[in-house]
Amino acid sequence: MPRTPAARPTGLRGRRPRTTQALATATLFTLLLAACGSGTEEIPEDTRAADLGREDVVSAVHEESAISAALPAKLRESGVLRIGSGIGVPPVAFSPEDGGPPRGVDIDVSEAVARVLGLKVERKHVSGASLITGLNAGRYELGTANLAVTEERKQVLDFVLYVTDGTGFAVRDDSELKKVDDLGQLCGLRVGTGTGTTFEADLEAASKECAADDKEPIEISTYPDAAAHFLALRQGRVDVLMTTASVLRYAATQQSDLRYLNEIERKNVGLAVKKGSPLAEPLKEAVNQLIEDGTYAKILKKWQLEPAAIEKSVVNPPAQP
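We now turn to the structure provided with this report. Note that this is a predicted model, so its numbers are computed, not measured. (Residues numbered from 1 in each chain as written. Predicted model: local features only at pLDDT ≥ 70, side-chain atom pairs only at ≥ 80, totals over all residues. Heavy atoms only, no water.)

Thoughts on the overall build of the chain
Okay, so step 1: For the chain, the helix and strand inventory stands at 10 helices and 8 strands.
Okay, so step 2: For the chain, the proportion of its 321 residues judged to be buried stands at 57%. (Helix = DSSP H or I, 4+ residues; strand = E, 2+ residues; numbered from the N terminus. Buried < 20%, exposed > 50% of the residue type's maximum accessible area, 1.4 Å probe, protein only.)

Description of the environment of Glu63
Okay, so step 1: The residue Glu63 is located in the loop between α1 (21–33) and α2 (65–68) in this model.
Okay, so step 2: Taking the C-alpha atoms as reference points, Glu63 and Leu119, 56 residues apart in sequence, are found 8.3 Å from one another.

A closer look at the nonpolar core
Okay, so step 1: In terms of nonpolar packing, the biggest core is built from 39 residues, with Leu81, Val113, Leu117, Leu279, Leu283 and Ile299 touching the most fellow members.
Okay, so step 2: Broken down by element, the residue count for this core peaks at 6 residues, all from helix α4 (residues 105–116).
Okay, so step 3: With 20 residues, the next largest nonpolar core counts Ala170, Ala232, Val238 and Val247 among its residues. (Core = buried A, V, L, I, M, F, W, Y, C linked by side-chain atoms within 4.5 Å.)

What about the sheet that holds strand β2 (residues 120–125)?
Okay, so step 1: Across the sheet, 8 strands lie side by side as β2-β1-β3-β8-β4-β7-β5-β6; this open sheet has mixed pairing. The open sheet has two free edges, formed respectively by β2 and β6 (219–223), since each of these has just one partner strand. The sheet shows a mean angle of 25 degrees between the axes of neighbouring strands, taken without regard to direction.
Okay, so step 2: In the packing of α4 onto the sheet, contacts are made with β1 (80–85), β2, β3 (142–148) and β4 (157–172), and the angle to β2 comes to roughly 150 degrees.
Okay, so step 3: Against the sheet, helix α7 (residues 226–234) engages β4, β5 (190–194), β6, β7 (240–244) and β8 (258–274), with an angle of about 160 degrees to β7. (Pairing = 2+ DSSP bridges. Axes fitted to C-alpha atoms, helices over the stretch in contact; angles between N-to-C directions. Contact = heavy atoms within 4.5 Å.)

Here we look at the packing of α4 against helix α9 (residues 280–293)
Okay, so step 1: Look at α4 against α9: their axes get within 9 Å of each other, and the N-to-C directions meet at 105 degrees. Comparing their axes, α9 and α4 come out roughly perpendicular. Each of Val109, Ala112, Val113 and Val116 in α4 lies in contact with α9, whose residues at this interface are Leu283, Ala286, Val287, Gln289 and Leu290.
Okay, so step 2: Of the residues assigned to the contact of α4 with α9, the class counts are 8 nonpolar, 1 polar and no charged. (Parallel < 35°, antiparallel > 145°, perpendicular 65-115°, else oblique. Nonpolar A, V, L, I, M, F, W, Y, C, P; charged D, E, K, R; others polar.)

A look at helix α8 (residues 245–254)
Okay, so step 1: Here α8 lies mainly inside the structure; 7 of its 10 residues are buried.
Okay, so step 2: Of all the residues in α8, the buried ones are Ala245, Ser246, Val247, Leu248, Arg249, Tyr250 and Ala251.
Okay, so step 3: On its buried side, α8 packs onto β3, β4, α7, β7 and β8.

With respect to unusual backbone geometry
Okay, so step 1: For the bond from Pro90 to Pro91, the omega torsion is 0 degrees, close enough to zero to count as cis.
Okay, so step 2: Inspection of the secondary structure assignment puts Pro91 in the loop between β1 and α4.
Okay, so step 3: With a phi close to 60 degrees, Asp214 is a non-glycine residue in the positive phi region.
Okay, so step 4: Inspection of the secondary structure puts Asp214 in the loop between α6 (198–212) and β6.
Okay, so step 5: Even without being a glycine, Asn316 presents a positive backbone phi close to 50 degrees.
Okay, so step 6: On the secondary structure map, Asn316 appears in the segment after α10 (295–302).
Okay, so step 7: Under the relative-accessibility criterion, Asn316 is labelled partly exposed at 24%.

Laid out in structure tokens, this is it:
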């Protein structure tokens, strides 16, 4: 809170950059669909309480003219920031059970940034493929989908750093597993993860290493959405879940039978804009303003994402913090 073998959502490495922008863009169609905690995943029942994330920590944010003055003239004149957002599971971005507007850290951060820039938000819920094409076609100025920054993605998009995230592990509360430092510890276990993701690819590679070391292979089960992940764990069909750390950490606070273990491979996560967009620098300054005035800390606290905090935003950070 966003995966295919080409790149990981928040916190997972990508392949080498393609030789043409067209190929890189085509690859990113699936990368954005897989962005950590975003896309079209169904929200687990236990995390869909109507009052989840109602606290208002954004409305007091006001325009900073020194920052908004640097906006592209056309955007400043329109007064509207068009955002394409992947909506998936808490705490990244999700549709509440009461039918209200989407909530989540991506929603709050992008809304607060728009307020610093003196812009009103016009948000559209989009899939990964629609997001990348929409940004490149100018249908959206900003994209949010909990996107990990990878060198491959930077070939076709620019990113403004706003949080970090990683690969996480969770088990049932009665599990004897305490921590996963490397995937070799999963030899002989049943592991649930997302269908067609690099989590799956990494598990397959680790399973081969298990066999090469004369250990039992990893029994990998893949699921199309978050609800299926959690159900499989509850029913004892898998021993451990491996997916986005922020999603698992938050889910463990909402589901009494779920225990979050730890994370590995933490990565930088960014707000996405079209490659070369003049909006990138004002966005960066807006995020840094939120950090300075304390709004940023309030947003992360609201979503129990304090470990995801950054000290300073930059444009196109390295893949790893």
